[in-house]
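Fold and contact review
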Amino acid sequence: MKINVVVSSLEAYREGRPTGQWTELPVDDVQKEILDKVEGSVDDEIFISDYIAPFKIDKHAFLWELNELAKALQPFDSIEDVYFALDDKEYTSIGEVREFDEYFFETFFADDSMEAARAAYFGNIKSWMDNYIYINDYGNLESMSEYEFKEELEKCADEIIEQFAKENGIALD
């Protein structure tokens with residue numbers, strides 16, 4: 001997953017001289033590869049003036065922490081990959097969504113086909129062709145299409161990244 005940032009000097013920005021250059025994270029040395037290249041005095045306050053990432057980045061985020069997060073996210077291509085790598089998905093608004101297949105029913109309803117029938121009957125299976133399924137707060141089944149799932153992932157991207165950081169011991173302040 002790519003994270004690109006522009007780090008700028010606040011003083012230069014206020015004077016109408018936008019500074020900074022696009023940098024793809026992670027870098028080997030934040031000081032040398034980013035901070036030393038920011039135009040302005042050493043004492044200037046710096047901030048992230050722009051970024052490209054599938055989640056929100058605070059303009060005052062600590063670059064070292066953001067760089068650590070970027071290192072941890074390198075093996076992942078998308079927010080969906082990060083979501084499925086989480087151990088505790090229930091801490092995100094999207095909850096525990098699974099692929100809608102036989103494995104789901106074997107995992108959750110192997111010993112109780114009547115419970116599966118009840119959960120489906122009282123649930124909201126929009127289409128048996130939907131790609132994803134989850135158990136709602138009432139214990140009933142709900143399905144969602146690929147499009148709906150991607151939409152939910154985008155809405156919850158910040159929570160997914162926060163949970164990922166927490167599970168990987170990365171402090172994001």
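A brief report on the enclosed structure follows. Quick caveat: nothing in here was measured; it's all calculated off a predicted structure.

1. Here's the deal with the pattern of salt bridges
For the structure on display, the rule yields 9 salt bridges. The salt bridge involving Glu24 is made with Lys2; its shortest N-O contact spans 3.8 Å. With a gap of 22 residues between them, Glu24 in strand β2 (residues 22–25) and Lys2 in the segment before β1 (3–9) connect regions that are remote in the sequence. Here Glu15 makes a salt bridge to Arg17, at a shortest N to O gap of 2.7 Å. For Glu15, a relative accessible area of 48% corresponds to the partly exposed category. Among the charged side chains, a salt-bridge network with shared partners connects Glu80, Glu146 and Lys150.

2. Side note on the environment of Glu24
With a relative accessible area of 41%, Glu24 lands in the partly exposed category. Once the C-alpha coordinates of Glu24 and Asn140 are considered, the two residues, 116 residues apart in sequence, prove to be 43 Å apart. Excluding residues within four positions of it along the chain, Glu24 makes contact with Lys2, Ile3 and Asn4.

3. Some thoughts on unusual backbone geometry
Here the bond from Leu25 into Pro26 is cis, since omega is 5 degrees, no more than 30 degrees from zero. Tracing the backbone shows Pro26 in the loop between β2 and α2 (30–33).

4. What about the nonpolar core?
For soluble globular proteins, the rule of thumb is that nonpolar side chains tend to be buried together. The biggest cluster of nonpolar side chains holds 37 residues, and the ones touching the most others in it are Phe55, Leu69 and Leu73. Secondary structure elements with two or more residues in this core: β1, α3 (63–73), α4 (79–85), β5 (132–135), α7 (146–155) and α8 (157–167). If we skip the residues at most four places from it in the chain, Leu73 touches Met1, Ile3, Phe55, Val82, Ile161 and Phe164.

5. What to know about the pairing of β1
Counting buried residues along β1, 7 of its 7 residues qualify, which places the element largely inside the surrounding structure. On β1, burial covers both faces: Ile3, Val5, Val7 and Ser9 on one face and Asn4, Val6 and Ser8 on the other are all buried. Pairing geometry for β1 and β2, over 4 bridges, is antiparallel. Considered in β2, the bridge of Val6 is made with Trp22. Sheet analysis places β1 next to strand β3 (residues 46–52), joined by 6 bridges and oriented antiparallel. Bridged to Ser9 within β3 is Ile46.

The rules behind these values
Residues numbered from 1 in each chain as written. Predicted model: local features only at pLDDT ≥ 70, side-chain atom pairs only at ≥ 80, totals over all residues. Heavy atoms only, no water. Salt bridge = Lys/Arg side-chain N within 4 Å of Asp/Glu carboxyl O. Helix = DSSP H or I, 4+ residues; strand = E, 2+ residues; numbered from the N terminus. Buried < 20%, exposed > 50% of the residue type's maximum accessible area, 1.4 Å probe, protein only. Contact = heavy atoms within 4.5 Å. Core = buried A, V, L, I, M, F, W, Y, C linked by side-chain atoms within 4.5 Å. Pairing = 2+ DSSP bridges.

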